[in-house]
Amino acid sequence: MKIIFLTVGKKGGITDDAVSEYVKRLQKYISVERVILPNSNKKKENETIAKHLSDEDFVVALDEKGKGLSTLELAKFLEGKMISGEKKIIFVIGGAYGLDESIIKRADMIWSLSKLTFPHEIAWIVLAESVYRAFTVIKGESYHHA
């Protein structure tokens, strides 16, 4: 299985450093790719996002109205996808204006990191760390203290 973090934004700065660190750690367990799309207006951003999604992809849209998951629930979800033979999971974070309804409708799952609204740069760090933490749970490592 491959995980893709698809987000709108720009490379560089502490956000990029933090996400790079978690991606590096994740590569110990699974194939991971980061795709960063340029900031634009909401319509153009969402058109660009849509071009990166195929019918075969399992798409997880991050949206504040989505379902919340605990670390253990996320680990169970990811492990289930690996067992079922899912080829690719794409986690999508929109830009400053969020995701268009067309992307939300296309998503196979809508996930909320929190009831709070985060800037997309912070959401990206939380996402990368959360997925890494879930994989340490799957592998029975001691990173997560539950």
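Provided above is the structure to which this section pertains.
Described below are features of the structure shown in this document. (Residues numbered from 1 in each chain as written. Predicted model: local features only at pLDDT ≥ 70, side-chain atom pairs only at ≥ 80, totals over all residues. Heavy atoms only, no water.)

## Here's the deal with the overall build of the protein chain
Point 1. Looking only at helices and strands, one finds 5 helices and 5 strands in the protein chain.
Point 2. Each helix and strand of the protein chain, ordered N terminal to C terminal, gives the series β-α-β-α-β-α-β-α-β-α.
Point 3. Over its C-alpha trace the protein chain gives a radius of gyration of 14 Å, about what one expects of a compact globule, namely 15 Å for 146 residues.
Point 4. With respect to the principal axes defined by its C-alpha atoms, the protein chain has extents near 40 × 35 × 30 Å.
Point 5. Scored against the burial criterion, the 146 residues of the protein chain give a buried share of 44%.
Point 6. In the protein chain, once contacts between residues fewer than 6 apart in sequence are set aside, the share between residues at least 24 apart is 84%. (Helix = DSSP H or I, 4+ residues; strand = E, 2+ residues; numbered from the N terminus. Rg over C-alpha atoms; globule rule 2.2 N^0.38 Å. Buried < 20%, exposed > 50% of the residue type's maximum accessible area, 1.4 Å probe, protein only. Contact = heavy atoms within 4.5 Å.)

## Observations concerning the nonpolar core
Point 1. With 30 residues, the main nonpolar core has Phe 5, Val 60, Leu 78, Phe 91, Val 131 and Phe 135 as its most contacted residues.
Point 2. The set of elements that each furnish at least two residues to this core consists of strand S1 (2-8), helix H1 (13-26), strand S3 (58-68), helix H3 (71-83), strand S4 (88-93), strand S5 (109-112) and helix H5 (120-138).
Point 3. Those residues in contact with Val 131 that lie beyond four places of it in its chain are Ile 3, Phe 5, Leu 26, Leu 74, Leu 78 and Phe 91.
Point 4. Counting residues in hydrophobic clusters, the runner-up holds 15 residues, among them Val 8, Leu 53, Val 59 and Ile 103. (Core = buried A, V, L, I, M, F, W, Y, C linked by side-chain atoms within 4.5 Å.)

## As for the sheet that holds S5
Point 1. The strand order across the open sheet formed by 5 strands is S2-S1-S4-S3-S5, and the pairing between neighbours is parallel. Each edge of the sheet is formed by a strand with only one pairing partner; in this case those strands are strand S2 (31-37) and S5. For this sheet the average axis-to-axis angle between neighbouring strands, irrespective of direction, equals 30°.
Point 2. Judged from the 5 bridges that link them, S3 and S5 form a sheet pairing that is parallel. Counted as the bridge partner of Gly 68 is Ser 112 from S5.
Point 3. Running at roughly 155° to S2, H1 makes contact with S1 and S2 of the sheet.
Point 4. Across the face of the sheet, helix H2 (residues 42-51) comes into contact with S1, S2 and S4 while running at roughly 165° to S1. (Pairing = 2+ DSSP bridges. Axes fitted to C-alpha atoms, helices over the stretch in contact; angles between N-to-C directions.)

Scope: geometric values only; no functional claims are made or implied.
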